[in-house]
Amino acid sequence: MPGDKSISHRAVLLGLIAAGPCRATGWLDSEDTRASLAAVRKLGAEVSLEKGVLEITPPLSPPTESVTIDCGNSGTTARLLTGLLAGWLPAGSSGVDLQGDASLSRRPMGRVVDPLRAMGADIAWLDKPGRLPIRIRGADLKGVDHHLEIASAQVKSALLLAGLFAEGNTTVAGVGGSRDHTELLLKTMGGLAKPGRFDIRVPGDPSSAAFFQAAAALVPGSDIIVPGQSINYTRTGALRVLRRAGVKVTIERPSGETGGELLGDVRVSHNLLKSFTITASDLPALVDEIPILAVLATQAEGETLITGAAELRLKESDRLAVMAENLKRLGADVVELDDGLKITGPTPLVGGPPGQPVVLETAADHRVAMAMAVAALVTKDETVLDEDTCVAVSYPYFFQTLDKLLGS
Ligand code: S3P
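On to the nonpolar core. Counting 65 residues, the largest nonpolar core has Leu296, Met372 and Phe398 as the members making the most contacts within it. When residues of this core are assigned to their parent elements, the largest contribution, nine residues, is made by helix α7 (residues 206–218). Ranked by size, the runner-up nonpolar core spans 60 residues in total, among them Ala11, Ile123, Leu159 and Leu161.

This next bit is on the site of the ligand. In the vicinity of the ligand, the contacting residues are Ser6, Arg10, Thr76, Ser152, Ala153, Gln154, Arg179, Val287, Asp288 and Lys315. Within the backbone of Gln154, one N or O atom sits 2.9 Å away from an oxygen atom of the ligand. The separation between an oxygen atom of the ligand and a polar side-chain atom of Lys315 is 2.7 Å. Mapped by element, the contributors of at least two residues to the shell around the ligand are α1 (5–16) and α5 (153–163). For the shell around the ligand, the two domains that each supply at least three residues are domain 1 (5–201) and domain 2 (206–406).

Let us look at the side chain of Arg10. With respect to the helices, strands and loops of the structure, Arg10 is situated in helix α1. Although Arg10 lies buried, it forms no salt bridge, and the closest oppositely charged side chain, Glu183, sits 6.1 Å away as judged by the N-O distance. The residues touching Arg10, leaving out its near neighbours within four places in the chain, are Gly15, Thr76, Leu80, Ala153, Ser157, Arg179, His181, Thr182 and Leu185.

Before going further, it helps to examine the layout of surface pockets. Taken as a whole, the largest pocket spans an internal volume of roughly 510 Å³. In terms of lining, the largest pocket is formed by 36 residues, of which the most central are Ala151, Arg179, Val287, Asp288 and Lys315. If you list the elements that add at least two residues to the lining of the largest pocket, you get α1, α3 (75–88), α5 and α11 (366–377). Counted by class, the lining of the largest pocket contains nine nonpolar, 11 polar and 16 charged residues. Per-domain counts for the lining of the largest pocket show at least three residues from each of domain 1 (5–201) and domain 2 (206–406).

Quick look at the sheet that holds strand β5 (residues 96–99) now. Strand order in the open sheet formed by four strands is β4-β5-β7-β6, with mixed pairing between adjacent strands. Whereas interior strands pair on both sides, the edge strands pair on one side only; in this sheet they are β4 (67–70) and β6 (122–125). Sheet twist, expressed as the average angle between the axes of neighbouring strands with direction ignored, equals 20°. Taken together, the three bridges between β5 and strand β7 (residues 134–137) define a ladder with antiparallel strand orientation.

Restricting attention to buried positions, one finds in helix α4 (residues 110–118) the residues Gly110, Arg111, Val112, Val113, Pro115 and Leu116. Check the buried side of α4 and you find it contacts α3, β6, β8 (145–148) and α5. Looking one or two residues past α4, Gly120 carries a phi angle of roughly 105°, positive in sign.

This brings us to the domain arrangement of the protein. One widely used convention gives an interface's size as the accessible area the parts lose upon coming together. What the domain assignment reports for the protein is domain 1 (5–201) and domain 2 (206–406). Computed over C-alpha atoms, the centres of domain 1 and domain 2 are 29 Å apart. Taken together, the contact between domain 1 and domain 2 spans 25 residues of the former and 23 residues of the latter. When the two sides are added together, the surface that domain 1 and domain 2 hide from each other amounts to roughly 2000 Å², 48% of it contributed by carbon and sulfur. Arg107 is paired through a salt bridge with Glu316; the nearest N and O atoms lie 3.8 Å apart. Between the two partners, domain 1 and domain 2, sit 12 residue pairs in polar contact (both at pLDDT 80 or more). Of all the secondary structure elements, the ones that give two or more residues to the side of domain 1 that touches domain 2 are α1, α2 (31–42), α6 (181–188) and β10 (199–201). Here the residues of the side of domain 1 that touches domain 2 are counted per class, giving seven nonpolar, nine polar and nine charged.

The next thing to look at is the packing of α7 against helix α9 (residues 290–298). Two elements in contact, α7 and α9, have axes separated by 10 Å at closest approach and are oriented at 5°. With respect to each other, α7 and α9 are oriented roughly parallel. The segment α7 lies against α9, with Ala210, Phe211, Ala214, Ala217 and Leu218 engaging Ile292, Val295 and Leu296. Tallied by class, residues from the contact of α7 with α9 come to eight nonpolar, no polar and no charged.

On to the sheet that holds β10, then. The strand order β2-β3-β1-β10 describes an open sheet built from four strands, whose pairing is mixed. This sheet does not close on itself; its edge strands, each paired only once, are β2 (46–50) and β10. With strand direction ignored, the average angle separating the axes of adjacent strands in the sheet is 10°. Sheet topology places β2 next to strand β3 (residues 53–57); five bridges connect them, and they run antiparallel. Looking across to β3, one finds that Glu46 is bridged to Thr57. Packed on one face of the sheet, α2 meets β2 and β3 and runs near 145° to β2.

What counts and how
- Residues numbered from 1 in each chain as written.
- Predicted model: local features only at pLDDT ≥ 70, side-chain atom pairs only at ≥ 80, totals over all residues.
- Heavy atoms only, no water.
- Core = buried A, V, L, I, M, F, W, Y, C linked by side-chain atoms within 4.5 Å.
- Buried < 20%, exposed > 50% of the residue type's maximum accessible area, 1.4 Å probe, protein only.
- Helix = DSSP H or I, 4+ residues; strand = E, 2+ residues; numbered from the N terminus.
- Near = heavy atom within 4 Å.
- Polar contact = N/O pair within 3.5 Å; in protein donor to acceptor, adjacent residues only side chain to side chain.
- Domains from an automatic or database assignment.
- Lys, Arg positive; Asp, Glu negative; His and termini not counted.
- Salt bridge = Lys/Arg side-chain N within 4 Å of Asp/Glu carboxyl O.
- Contact = heavy atoms within 4.5 Å.
- 1 Å grid on protein atoms, 1.4 Å probe; cavity = no way out; pocket = protein on both sides within 12 Å on 5 of 7 lines; lining within 4 Å.
- Points joined across faces, edges and corners; volume = space filled by probe spheres on them.
- Nonpolar A, V, L, I, M, F, W, Y, C, P; charged D, E, K, R; others polar.
- Pairing = 2+ DSSP bridges.
- Axes fitted to C-alpha atoms, helices over the stretch in contact; angles between N-to-C directions.
- Buried area = accessible area lost by both parts, 1.4 Å probe.
- Parallel < 35°, antiparallel > 145°, perpendicular 65-115°, else oblique.

Next comes the structure, spelled out in structure tokens:
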């Protein structure tokens, strides 16, 4: 598996404020993480990347000139960097402007900017309120007790990063269960008060592994092992759902720990699937896996109910709407709910006759593209994705891995 995307982002962004050179092996080289890498370079860090080994040396001080950073498609870059810059830039410094692509410019930023402003952050909307682009200037921050209303690791991380530079304590409470990679990496760096350095191995990304684990559960005769993936509890909700759906999931030879992150070799094989339920409390640990779990549900016996998932409408695309539409095009029994999906299975998935494939629309969303590619494995006749380059956001060689597994 490619390296974990969330941890790879954090390695770059925390490397910017580290006490000295840092290293991450198995770093994910993808479009999303490259946005964070380009950002810290612009902010003065020295970065080298060779064969998955990232080395980063922080700048001696924040930039004095104004800088514009393009976060591309990456919500993690935009949200985490907003919190970090609000505290790291010295008061009275020139601004750093953050912008993003069309998808990112539609996604909410107020959830980060509003609580940062309560700490004293100087952040201005440059176009529409609540959206990128924004301008961040340095300011003296005060620690504040935050109470989260959404289970977002991006918001939590942004506030913790700002808190590193704030006077007094910053606490983040409220909705729990979201990924804790920021906290773990900060601890690895020697404590929350003053980050030191890190030298970590990035585990395989469980959100990328989920596509092949679901494929193995769906395709008769399959039996796969994903070596060295993250088995951090805040990320393994999809494996727990696979088990609830009747799939045999075993974690073999747990292969150690690095930077506080647990690794394991995860084995999944085909089985007949039962329907499952996913509610709000399950969501943080599988938020990026809903598209592929929806595909799985079409082949599970009974009614699968996914609720408490309205956040999915605010991802790289409206994932509830886009997945419901694509699965319906293949004949699945799917009802789109305000905050989820109701899927009754199993239904045969059917494409079009030779030369007239059913066209599936990815909405340029990497996780939709990969989920529908897996759906095609259990679809009769032909389907085609309207585009497939978006997989480069998190998994540039996804189709090569898929071909290799199909070949075997
Ligand atoms: C991420 C957190 C999640 C997730 C995203 C990556 C992170 O978003 O969907 O792909 O690295 O912190 P939210 O925290 O906004 O739910």
